[in-house]
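Here is what each chain is made of, one letter per residue.
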Amino acid sequence: DLIGNGVLTLLQHPEQLKALKANPALIGKAVEEILRYAPPVGQTARILDRDLTVGGCPMKKAQVIVTSLPAANRDPAVYGDPHRFDITREPVPHMSFGGGAHICIGAPLARLEAQVALAKIFERYPNLNLAPGEIKWKATPFFHGVEALRVEV
């Protein structure tokens, strides 16, 4: 889903794709911004191990809390202009792989795969564009990714 979301997001932001093509060294930052802007995981859940207060709401041990990763990644208290896609954004912290003890063990591999795949796709198909038509999204509750993306080469 990260690679598909990355292709779509870059095609939807041609000025950012142009900047990436002009400076391929930005691929790492581009992938981090894709993870922030269009994360492949939409939400995560945790079971509380203790009583605590979340956003002013008292929560009890053993309650389930569900978080929206896209919302966390666009928090205006954390990101300047959070709804803007910018592959040169500094710094690019995001919650797309979780954090702390729950950080995704596959995060380094996912980052590397996305960097290689996106660079090769746009190198192999330099004139790639979105084709007319609707974008088909996967119908899954926790994951966010394109199921079908029509493109023109």
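Structure shown above.
A few points on the structure. Fair warning: this is a prediction, and the values are worked out from it, not measured in the lab.

The rules behind these values
Residues numbered from 1 in each chain as written. Predicted model: local features only at pLDDT ≥ 70, side-chain atom pairs only at ≥ 80, totals over all residues. Heavy atoms only, no water. Helix = DSSP H or I, 4+ residues; strand = E, 2+ residues; numbered from the N terminus. Buried < 20%, exposed > 50% of the residue type's maximum accessible area, 1.4 Å probe, protein only. Areas by Shrake-Rupley, 256 points an atom, 1.4 Å probe, with all protein chains shown as cover. Lys, Arg positive; Asp, Glu negative; His and termini not counted. Charge placed at Lys NZ, Arg CZ, Asp CG, Glu CD. Axes fitted to C-alpha atoms, helices over the stretch in contact; angles between N-to-C directions. Parallel < 35°, antiparallel > 145°, perpendicular 65-115°, else oblique. Left-handed = near helix turned anticlockwise from the far one by under 90°. Contact = heavy atoms within 4.5 Å.

**A short note on the overall build of the protein**
Scanning the protein for helices and strands turns up five helices and eight strands. Mapped in sequence order, the helices and strands of the protein form the string α-α-α-β-β-β-β-α-α-β-β-β-β. With the C-alpha coordinates of the protein rotated into their principal frame, the extents come out at 55 × 35 × 30 Å. When each of the 153 residues of the protein is scored for burial, the buried share is 33%. Summed over its atoms, the accessible surface of the protein is roughly 9,100 Å², and 60% of this surface lies on carbon and sulfur atoms. Here the protein contributes 17 positive and 15 negative side-chain charges, whose respective centroids are spaced 2 Å apart.

**Quick notes on the packing of helix α1 (residues 2-12) against helix α5 (residues 107-124)**
The description of two helices packed together rests on the angle between their axes and the distance between the axes. Running from amino to carboxyl end, α1 crosses α5 at an angle of 45°, the nearest separation of the two axes being 9 Å. Taken as axis vectors, α1 and α5 run oblique relative to one another. Between α1 and α5 lies a crossing of right-handed hand. Along the contact surface, α1 presents Leu2, Ile3, Gly6, Val7, Leu10 and Leu11, while α5 presents Ala110, Glu113, Ala114, Ala117, Leu118, Ile121 and Phe122.

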